[in-house]
Amino acid sequence: MNAPPRYELFVLEEGEKPVEVIEDTKIPNAATIKVVKQDHTLGNMLRAQLLQMPEVLFAGYKVPHPLQPYFLIKIQTDGSVTPAAVLEQACTKLIGTLSSLEQKFKREFSFEHVGGQILEDAYGNAMNTNAWGEGRDYLDY
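Quick caveat, the model's predicted, so the values are computed rather than measured.

How each quantity is defined
Residues numbered from 1 in each chain as written. Predicted model: local features only at pLDDT ≥ 70, side-chain atom pairs only at ≥ 80, totals over all residues. Heavy atoms only, no water. Phe/Tyr/Trp six-rings, centres within 6.5 Å; stacked < 30°, edge-to-face > 60°. Helix = DSSP H or I, 4+ residues; strand = E, 2+ residues; numbered from the N terminus. Buried < 20%, exposed > 50% of the residue type's maximum accessible area, 1.4 Å probe, protein only. Contact = heavy atoms within 4.5 Å. Polar contact = N/O pair within 3.5 Å; in protein donor to acceptor, adjacent residues only side chain to side chain. Expected span 1.5 Å × (residues − 1).

Participant: What is the right way to look at the packing of aromatic side chains in this model?
Facilitator: Aromatic ring pairs: the centre-centre distance and the angle between the two ring planes describe each pair. Applying the stated criterion across every chain, the model contains 1 aromatic pair. Centroid distance Y61 to F71: 6.1 Å. Interplanar angle 80°. Geometry classified as edge-to-face. A residue pair is termed long-range when its members are at least 10 positions apart, and Y61 in strand 3 (residues 56–62) and F71 in strand 4 (residues 70–77) qualify at 10 residues. Relative accessible area serves as the criterion here: at 0%, F71 is assigned to the buried category.

Participant: I keep staring at the environment of A30 and nothing clicks. Help me out?
Facilitator: Of note, A30 is situated in strand 2 (residues 30–36). Overall, the relative accessible area of 3% leaves A30 in the buried class. Considered as a pair, A30 and F58 are 28 residues apart in the sequence and their alpha carbons are 8.7 Å apart. Excluding its chain neighbours within four sequence positions, the residues that come into contact with A30 are E23, D24, I75, Q76 and P83.

Participant: Please explain the side chain of T32 as it appears in this structure.
Facilitator: With respect to the helices and strands, T32 occurs in strand 2. Note on T32: relative accessible area 19%, which makes it buried. A polar contact is formed between the side chain of T32 and the side chain of K74, at a distance of 3.4 Å. Dropping the residues within four chain positions of it, T32 is found in contact with E20, V21, I22, L72, I73 and K74.

Participant: Can you help me understand helix 2 (residues 83–108) in this one?
Facilitator: Helical periodicity: at 3.6 residues per turn, an α-helix aligns residues three or four positions apart in one direction. Given a rise of 1.5 Å per residue, 26 residues ought to cover 38 Å, and the 37 Å separating the end C-alpha atoms of helix 2 matches this to within 8%. Of all the residues in helix 2, the buried ones are P83, V86, L87, A90 and L94. Packing partners of the buried residues in helix 2 comprise strand 2, helix 1 (40–51), strand 3 and strand 4.

Listed below in structure tokens is the structure:
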């Protein structure tokens, strides 16, 4: 009802910047970064990746309002690297992690090894091809 059209949540408008870095004047080696047209999914993944890096002292994010498609991520470093540079490193590592996850997922769920074999459940037990099995009811599945 009050929600904007769905395409406005992920399509950048003409001349709109996807990332804006705002240096913090009160806290040393800190910045607030506004990421436009993204939500909690990317914000939480970036925060978690940043907190794994030893040069990051603080990383947190917030979505100011659920109807506005952007989040703010606050980063403070130890001074050996700028917040913008550490964010770029975190993005690179996150892309690598997600690529690895995609490869593992595709390898695990490829259908080339399924043909003509005995079906197994998630625990490696042979599954009965009969829909209900013998002596079982639907609550056992």
